[in-house]
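# Observations on the model geometry
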Amino acid sequence: MIKVLTNKLIYKNSDKKYTHTQFPVSIRLKDKVRIFFSKRDNNNRSQPFFIDLDPSNLSRVIYEQKKPILKFGKPGMFDDAGVMPTSIIKYKKLYYMYYIGWTTRKNIPYSNYIGLATSKNCKNFKKYSNIPLFNLSKKEPYYTASLQVIKKGIFYGAYLSCIGWKKINNLYEPIYDVKMSTSKDLINWKRDGRSILKLKKKEGGICPSDFVKINKKYFIFYSYRNAKNFRTSTKDSYKLGLAFTQNFKTWKRFDKLKIITKKNSWNNDMQCYPSVLIEDKTINIFYNGNGFGKSGIGLAQITGIDKL
């Protein structure tokens, strides 16, 4: 039985040039906890920033980065309309930050691609390439995004895979599930096109946002939503879930990660993009609330995952 011990808003954007604080990505550094996220400007373009938290009090912000750490791609490139970090992993002496590159389209609203930036100090990042890591393929002719990585001998990467677009209320909406990839060097990835987390009836999307090991099990934390009305309906909008495995072949979904909310609160309509930090055996989940992060970043502390 999973129980939520703490649930509160810890950060909200105050810069009038931006709106959202979307998709938190947490990492424990020596004397701080760093949270990367994306702010969205008035032209609907996202860029990455970060805040630092006090490890002894994860509700206290001790530093806020005021300038974006990565620039947009040049016009026509895969990330010319947005750069949104979705995961980070340290390997040897480098920090590898995977991000979503956004570009706008004509017949559909946008396309996403997986990009990579690296850093020696987890502060100053440089894009690895001006092309995405994952190309379109016969099995995946649409877009890919949100790569989440964990090491178990080799590297395993769970990612969002668009399986088509559906016209709903005169607007094309993406439909996506979760697939797995593998790598030996965090740069070159192999994909077989097989879904590990499939959509249920009425669902329209599962977005993985963290990949962690707890005891002897491997967990993917994600957001899931219905296909229709997910932007406007509390019932159909993003909610938090997780799936776990011991062998990376069979996965069990658990969609009962319920965050209790108050009426008209910052997260009463939506909870999405969970990032997990395990600190002194406490499982901390940083996540977004209403409006895909427009209402800010929250913190939930939970127990009971080891009983699943």
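Shown above is the structure to which this text applies.
What this report covers is the structure whose coordinates are included nearby.

A word on the pairing of strand E10 (residues 144-152). Within E10, seven of the nine residues are buried, which leaves the element mostly enclosed by the surrounding structure. Bridge count between E10 and strand E11 (residues 154-168): seven bridges; the pairing is antiparallel. By the bridge assignment for E11, Ile150 is matched with Tyr156. In this antiparallel pair of consecutive strands, E10 and E11, the connection spans one residue, and Gly153 shows a positive phi of 80°.

A word on the packing of aromatic side chains. For the coordinates displayed, the defined rule picks out 27 aromatic pairs. Aromatic pair Phe78 and Tyr99: ring centres 6.1 Å apart, planes at 20°, arrangement stacked. With Phe78 in the loop between strand E5 (57-64) and strand E6 (82-91) and Tyr99 in strand E7 (residues 94-104), this pair connects stretches of sequence that are 21 residues apart. The class of Tyr99 is buried, set by a relative accessible area of 0%. When the centroid spacing of 6.1 Å and the interplanar angle of 85° are considered together, the rings of Tyr238 and Phe292 count as edge-to-face. Here Tyr238, found in the loop between strand E15 (217-226) and strand E16 (239-245), pairs with Phe292, found in helix H1 (residues 290-293); they are 54 residues apart in sequence, far enough to count as distant. Assigned by exposure class, Tyr238 and Phe292 land together as buried. Taking the ring centre of Phe49 as reference, the NZ or CZ of Lys39 above it sits at 4.7 Å. In this arrangement the basic side chain of Arg253 is found over the ring face of Tyr224, its NZ or CZ atom lying 5.7 Å from the centre.

As a further point, take the nonpolar core. Phe36, Leu70, Ile88, Cys122, Phe125, Tyr143 and Tyr238 are the most contacted members of the largest nonpolar core, which totals 35 residues. When contributions to this core are tallied by element, the ones reaching two or more residues are strand E2 (18-28), E6, E7, strand E8 (110-119), E11 and strand E18 (272-279). Ranked by residue count, the leading element in this core is E7, at four residues. If sequence neighbours within four positions are ignored, Tyr143 has contacts with Tyr110, Ser111, Asn112, Leu160, Ser161, Cys162, Trp165, Pro174 and Tyr176. Ranked by size, the runner-up nonpolar core spans 19 residues in total, among them Ile214, Phe219, Ile259 and Ile302.

Criteria and cut-off values
Residues numbered from 1 in each chain as written. Predicted model: local features only at pLDDT ≥ 70, side-chain atom pairs only at ≥ 80, totals over all residues. Heavy atoms only, no water. Buried < 20%, exposed > 50% of the residue type's maximum accessible area, 1.4 Å probe, protein only. Helix = DSSP H or I, 4+ residues; strand = E, 2+ residues; numbered from the N terminus. Pairing = 2+ DSSP bridges. Phe/Tyr/Trp six-rings, centres within 6.5 Å; stacked < 30°, edge-to-face > 60°. Lys NZ or Arg CZ within 6 Å of the ring centre and 35° of its normal. Core = buried A, V, L, I, M, F, W, Y, C linked by side-chain atoms within 4.5 Å. Contact = heavy atoms within 4.5 Å.

Read these as spatial facts, not as claims about activity.
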